[in-house]
Amino acid sequence: MTRALTIAGLVLFLLVILVPFWWIASMSFKTYEQIQFASSIYVPKPFTWENYTGLWSETRFPLWLRNSVVTALVVTLISTVVAALAGYAVARIRFPGREAVASIILIVYLIPPALLFIPLYRVLAELGATNSLFALFLSYPTFTVPFCTWLLIGFFKALPDELEEAALIDGAGRITAFVRVLLPLAAPGLVASAIFAFTLSWNEFLYALVFIQDEKALTVPVGLNLLIYGDVFHWGQLMAASVITTIPVVALYMFIHRWMAEGLVAGGVKG
Amino acid sequence: MTREAGALALGAPAPRRRRLGRQRNRDLGTAALFLLPLFVLVLGLIFYPFYRAVWLSFTDKLVGYPERFVGLRNYEYLAQDDAFHQVIRNSFVFTVVSVGLKIVTGIGMALVLNSIIRGRNFFRGLFLLPWITSTVIIALTWRWMFDAFPGRGFFNSVLLDMGILRQPIAFMATPEGAMMAVIVANWWRGFPFFGVSFLAGMASIPRETYEAASVDGAGAGRRFWHITLPGLKHVIIVTTLLSFIMTINDFNIIYVMTRGGPGSATQVFATYSYQVAFQQLRWGRGVTISIFLVPLLVVGIALISRYLLREGRGK
Amino acid sequence: MPSRHLSRRTVLAGALGASAALALPRLGFPAVKKGTSLRLWILKTYVEPTNKAIEASAQRWAQKHGAAVTVEYFTFEDMQTKYVAAIESKSTPDVGQLETSAPSRFAGMGQLLDLTSFSKQIESQAGKAPANVAPVTMMDGKVYSIPWYVMGAFWYVWRDVFEKAKVKLPSTFAEAREAAQALTRPKDNFYGMGQSWNRTADGYGVMQSLMYSYGVGWAGKDGKYKSIKTPQMQTVMKWATDIYTNQLQPADTLTWTGSGNNENFIAKNVAQTSNGPSITFAMENAVAKATDAKDKKMKEDALANHVALPHLGGPDGRRMQAIAMSMGVFKGSKDPEAAMSLIAHLVSPEETVMVMKDSYGQFAPVLEKAKTASKDYFNKNENYRTFGRAAEWFAPTGWPGPVTAAAAEVQASNVLTDAPAKVIVDKWSVDQAIEWEDKKIKEIYDTLRA
């Protein structure tokens, strides 16, 4: 590609991607009246922190944030462990029915949450898990694990056989070979898998909306939906909440995106 | 068909190795152990609810009342329900257009990133921002971008301010406009994933192939059509499949942006199912709506599997 | 070591207890066991002080009885979902605040406790509810909830705009339509009206008010389905779709969310709209938050210029579909007596007035004694006097019949607002839309068990 075209493309993409973020952030620093009367469009005048302070002190947002973080961490842990174990077994252990299992994982991933949310609700209610984060700890892995497993199958497949074989010939058991030899090598894949699980969990809305009613146990997406009172939208607060919710994930990514892209390569391309 | 897909997921079989019989048995045991958590999860929280969903679709379950078996009544009702026909149309329009746009933009993004060397990682990370943002926030963001209320709507504010518009445009007030708005939101969120995948795909095309083509006199355009695109075929198919399935199931973006409106202009499977189940309290019918999607998905997977198989054989 | 003789303390306590029981008038409410814990669900209104006031009232009860109350909120949006979810997972609260159609809906499912005799006790304590509100709480002649207040809808107008154009303030739907025509100035981004047929109370509520005021109901007095293919419905549909022509309303009116009409009214983009008192609340708030003297004057003028008129009437009367809130006890409650005690406390005149004072007019008490006690509060100004009369014009969902589960589903299915949308957006004819709406309603009545 020519230099000019490349730069034009770069600028275009930058604008497309960054402008919406800027719009929200900018509005988060405006007062209700500024937004209502469109008094200062591009740069907030006066610049105010009241939406942030109001959000933190007047709403349950801090609680929701905590709930989202806890849920995402727990689900990520469960998902990574289950997916790593299953992914390794399918990728590296030759057992009868191996291909069938791989197919099942693919199929299972494609069962839509929109199909399962009603009966899943009843199942969770019978387990007594509804109206608490436990409902999410149990239900979120249903979509994170299949995807992460599929990803890790591809990733494990890409690792050379020799090291493991060497360990096995040396008399180590499968499990030891797995833990000592393969896992460290698969670190990028595991990180990628963990980040996917975290993101999917952080984003999830439908299950959290349906399974949890207690306002104190909500996650951020559902809480934000709730902040829309109906008659008086606290627009500024909603914007502030959006900014706050996005920052940690962005920070996490800027730090780790390199690993993630590698994970996508190994999983997405090969899988 | 799908077994082959599974086989392909595993890649070509490794060359035969010596296997001690004892190791074999231990392997089976280990495999079973490693697969146990997945097995429990899939059985208990996916297959079992799926089975119950199917059962529920044959009942007239109404919240608060015990269910009664009614056979295919829900299916028959939906088959002739004009609202459901619209849901099917909307879902396909939404998914096909959105995925199509994502493919094209993804290729563009990959080409751009591929052309820069310094700072590539930085930009790649930056461009992934939409993909990692919560979809609820993205839905709210784009709702505000298209808002007709000048203080909130980006496009209206800018266009009014620049004098291009005298009155704000209500982008989301018409069926076409609302559909466009939700497509834009979905596209914006999704194309970075395509871009990054394609970029990685491009990296695996050997440099020599390009160099040889240049030497033979092929220009940038021809190199793109005859080397880049074919080389990306596998990635494109896989990414498109994933995105198609995620998009046609989408709830968040449409629910938060338009609630399926105006009227039923942007009502899709997931939002309609939710409305019927939780506002009209008809769970039997609500579940049936989603089950209609299953055959479509099965067909989709089968088609893609066949494609992968053909390609695999060709190699 | 157990003592064979009763200690003096025990005897004394016993004597005191006995005399106390004899001395107090028999209220009929059993004593609440100490340490009882109740779950209370209340509506999160648009006005935060009201929500806090109700919670505070509940806590006062808790303190008085050494019990505990956990308050959980639901919003206008998830009113159905939350209760539905709770019913299916058998985790209903002890006491729930129920909107207009909820008592009959949930009673029909066998979820609510029969409160008929309890309601008689409340009557003697707090007075009766007016005849047009009482049906909300009943099913098959039994009472399942205690009515508390009505959240009315009113017709908001900008007085100065009307005066300047020398247009009379509207009292009927027909007049409002004419006024909109006279006042609309699209070139200045100002419109004659802002009525959205969206899926909120501002949409389906006004549609019902329109229908009922023209004498159109989809159910008969017996609660059974009745066809709406009548000349009056034609007039109704024409009014509903007419206002979307001739640039009488902003272009995006149909897609407004619940706050769309508020914002457009407060920003003076529209001359008229239907809403609850939260608009007044927002404007009073704006005055309080004014940044400087000039800003304050502007906000005060706005406050003075906005008028909340009684909701529009039609040839058949002035009927306002609104949210009538009542309190019910769920059968799953482990301590129904404590639950009833809590309700008695909340709906008592004293507590009601205290909550109402923080409600910025949203909350029009329906029980007589509370209504009388709140007369002074509502005498604040003309707008508030109108707010206080909300119960007068109240017509429940399913008018003229009783509130039934089928009527509730008609509202929940969005067919009432989808019908005019089909004419406005999909360019159907009025006849087609009415035909479609009638068919959908009949279907609901035919296939619903209740």
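This is a predicted model, so every value here is computed, not measured. (Residues numbered from 1 in each chain as written. Chains lettered and ligands numbered in written order. Predicted model: local features only at pLDDT ≥ 70, side-chain atom pairs only at ≥ 80, totals over all residues.)

On to the nonpolar core. Membership of the largest hydrophobic core comes to 312 residues, with the highest contact counts inside it found for V182(B), V150(C), L342(C), I343(C), V347(C) and F394(C). Here the element with the most residues in this core is helix α9 (residues 175-203) of chain B; it accounts for 15 residues. Residues contacting I343(C), with those up to four places away along its chain left out, are V95(C), I146(C) and M327(C). (Core = buried A, V, L, I, M, F, W, Y, C linked by C-beta atoms within 7 Å. Buried ≥ 20, exposed ≤ 12 C-beta atoms within 10 Å, placed from the backbone. Helix = DSSP H or I, 4+ residues; strand = E, 2+ residues; numbered from the N terminus. Contact = placed C-beta atoms within 7 Å.)

Attention now goes to the packing of helix α6 (residues 113-126) of chain A against helix α14 (residues 283-291) of chain B. Where α6(A) meets α14(B), the axes come as close as 8 Å, and the angle between the chain directions of the two elements is 150°. The angle between α6(A) and α14(B) falls in the class roughly antiparallel. Here α6(A) and α14(B) pass one another in a crossing that is left-handed. Within the contact between the two elements, α6(A) uses A114(A), L115(A) and I118(A) and α14(B) uses W283(B), G286(B), V287(B), S290(B) and I291(B). Tallied by class, the residues present in the contact of α6(A) with α14(B) amount to 6 nonpolar, 2 polar and no charged. (Axes fitted to C-alpha atoms, helices over the stretch in contact; angles between N-to-C directions. Parallel < 35°, antiparallel > 145°, perpendicular 65-115°, else oblique. Left-handed = near helix turned anticlockwise from the far one by under 90°. Nonpolar A, V, L, I, M, F, W, Y, C, P; charged D, E, K, R; others polar.)

Our focus in this paragraph is the sheet that holds strand β7 (residues 154-158) of chain C. Residue and element names in this part refer to chain C. Overall, antiparallel pairing links the 3 strands, which are arranged β8-β7-β9 in an open sheet. Of all strands in the sheet, those bounded by a partner on one side alone are β8 (272-275) and β9 (306-309). This sheet shows a mean twist of 30° between the axes of neighbouring strands, independent of strand direction. Relative to β9, β7 runs antiparallel, the two sharing 4 bridges. Residue pairing in the sheet places W155 in a bridge with L309 of β9. (Pairing = 2+ DSSP bridges.)

Quick look at the domain arrangement of chain A now. Residues and elements named next belong to chain A. With domains assigned, chain A is organised as domain 1 (1-48) and domain 2 (59-270). Secondary structure elements with two or more residues in the side of domain 1 that touches domain 2: α1 (3-28) and α2 (32-36). Per-element tally for the side of domain 1 that touches domain 2: the top contributor is α1, with 4 residues. For the side of domain 1 that touches domain 2, a count of residues per class yields 5 nonpolar, 2 polar and 1 charged. (Domains from an automatic or database assignment.)

Across the contact, 17 residues belong to chain A and 22 residues belong to chain C. Broken down by element, the side of chain A that touches chain C gets its largest block of residues, 3 residues, from α6(A). When grouped by side-chain class, the residues that make up the side of chain A that touches chain C number 8 nonpolar, 5 polar and 4 charged.

All names here are of chain B. Counting all residues, the mean pLDDT for chain B is 83, and 88% of those residues have values of 70 or more. Of all the helices and strands in chain B, helix α1 (residues 2-10) carries the lowest mean pLDDT, 51, while helix α4 (residues 82-115) carries the highest, 94. Contacts from residues 12-17, a stretch scored under 50 in pLDDT, to residues over four places away or in other chains number 1 contact. Across residues 311-315 the pLDDT falls below 50, and counting only partners more than four positions away or on other chains, this stretch makes 2 contacts in the model. (pLDDT = per-residue confidence, 0-100.)

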